[in-house]
Amino acid sequence: MVRADLSRSGDGSRRASFAGYAPWKRLLDIVGSAGTLIVLSPVALGIAAAVWATMGRPILFTQTRPGRGGRLFTIYKFRTMREARDVVGAPLPDGARLTSFGRFLRATSLDELPELLNVLSGDMSLVGPRPLLPEYLPLYSPEQARRHEVRPGLTGWAQVNGRNGLGWKDRFAYDVFYVDHCNFFLDTRIVLLTVARVLRRQGIAQDGQATMEPFRGNVD
């Protein structure tokens, strides 16, 4: 059951608590992302070489995503799909373009290593709601749109509670829960749970999807 049916009576104290934590959260983001980039730089170089050898260039996948307040930024990931089009020139479905090496990168979340650059630049945080597509912005309910009150993250409360295996409504409910309860202890719990989920390779995709079915708006 999604723990997001919140009492608004404590909103003021929660916001005050987050305001006090926010500078420390940003400091942890800088130290954590910079340290991880340094330690994992040999791994990142090896992945870059493998992407180049199996799929060619570009090595990085870039896409516009909305961040805090809906402000758009460019997200960086390792490329996991090959260029493949049908007879009329349209891209093939994701499942047909996803390579075996790309599946491995997604299963282990190693494709997301370049997002540490987004964390270092301040567009993202280590922990927060995952950044989605900008075309979803007008489809959110006012409550769901609150997911943009904080920086998007490499991992988040929804990711450790089902990842891409969640339905959209549950996923957004977890995101809003995080916005209302963000603190150091919740972030630490999410990071530890993320490590466990990645090792078990849980919730990588919805049934019948390469990742997750597109969000098409709220349907009663």
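The preceding data block contains the structure.
About the thresholds
- Residues numbered from 1 in each chain as written.
- Predicted model: local features only at pLDDT ≥ 70, side-chain atom pairs only at ≥ 80, totals over all residues.
- Heavy atoms only, no water.
- Helix = DSSP H or I, 4+ residues; strand = E, 2+ residues; numbered from the N terminus.
- 1 Å grid on protein atoms, 1.4 Å probe; cavity = no way out; pocket = protein on both sides within 12 Å on 5 of 7 lines; lining within 4 Å.
- Points joined across faces, edges and corners; volume = space filled by probe spheres on them.
- Nonpolar A, V, L, I, M, F, W, Y, C, P; charged D, E, K, R; others polar.
- Core = buried A, V, L, I, M, F, W, Y, C linked by side-chain atoms within 4.5 Å.
- Buried < 20%, exposed > 50% of the residue type's maximum accessible area, 1.4 Å probe, protein only.
- Contact = heavy atoms within 4.5 Å.
- Expected span 1.5 Å × (residues − 1).
- Arc of directions from axis to C-beta.
- Phe/Tyr/Trp six-rings, centres within 6.5 Å; stacked < 30°, edge-to-face > 60°.

Looking at unusual backbone geometry
Note: most residues except glycine have negative phi, and most peptide bonds are trans. Of the consecutive residues Arg57 and Pro58, the connecting peptide bond is found in the cis state with omega at 0°. Residue position: Pro58 is located in the loop between helix H2 (41–55) and strand S1 (60–66).

A word on empty space enclosed by the protein
Unfilled space is identified by rolling a water-sized probe across the atoms. Tallying each qualifying case throughout the model produces one cavity of 30 Å³ or more. If you trace the largest cavity, you find it lined by Pro66, Gly67, Pro129, Arg130, Arg147, His148, Val150, Arg151 and Pro152. In the lining of the largest cavity, the residues fall into four nonpolar, two polar and three charged.

Regarding the nonpolar core
Trp157, Tyr178 and Ile190 are the most contacted members of the largest nonpolar core, which totals 15 residues. Those elements that provide at least two residues to this core are helix H1 (11–39), helix H6 (168–181) and helix H7 (184–200). A total of four residues in this core trace back to one element, the largest contributor, which is H6. If we skip the residues at most four places from it in the chain, Ile190 touches Val127, Thr155, Gly156, Trp157, Val160 and Tyr178. Of all hydrophobic cores here, the second largest spans 14 residues; its members include Val51, Ile75, Leu105 and Val119.

Digging into the environment of Arg97
In this structure, Arg97 sits in helix H3 (residues 94–97). A relative accessible area of 16% means that Arg97 is categorised as buried. For the pair Arg97 and Glu83, spaced 14 residues apart in the sequence, the C-alpha separation amounts to 6.8 Å.

Things to note about H2
Counted at 1.5 Å a residue, the expected span for H2 with its 15 residues is 21 Å, and the 21 Å between its end C-alpha atoms agrees. Every buried residue belonging to H2 is among Ile47, Ala48, Val51 and Met55, and all of these are buried. All buried residues of H2 lie within an arc of 105° about the axis, which places them on one face of the element. In this structure, H2 carries Pro42, Leu45, Trp52 and Ala53 as exposed residues pointing more than 90 degrees from its buried face. Buried residues belonging to H2 abut strand S2 (72–78) and helix H4 (100–108). Looking at the residues trailing H2, positive phi occurs at Gly56, about 80°.

So, the packing of aromatic side chains
Considering all chains together, one arrives at 11 aromatic pairs under this definition. Taking the centre distance of 5.2 Å and the plane angle of 85° together, the rings of Tyr140 and Phe172 count as edge-to-face. With Tyr140 in the loop between strand S3 (125–127) and strand S4 (153–155) and Phe172 in helix H6, this residue pair connects regions lying 32 residues apart in the sequence. What links up through ring pairs into an aromatic cluster is the set Tyr136, Tyr140, Trp168, Phe172 and Phe215.

Purely geometric stuff here, so don't read any function into it on its own.
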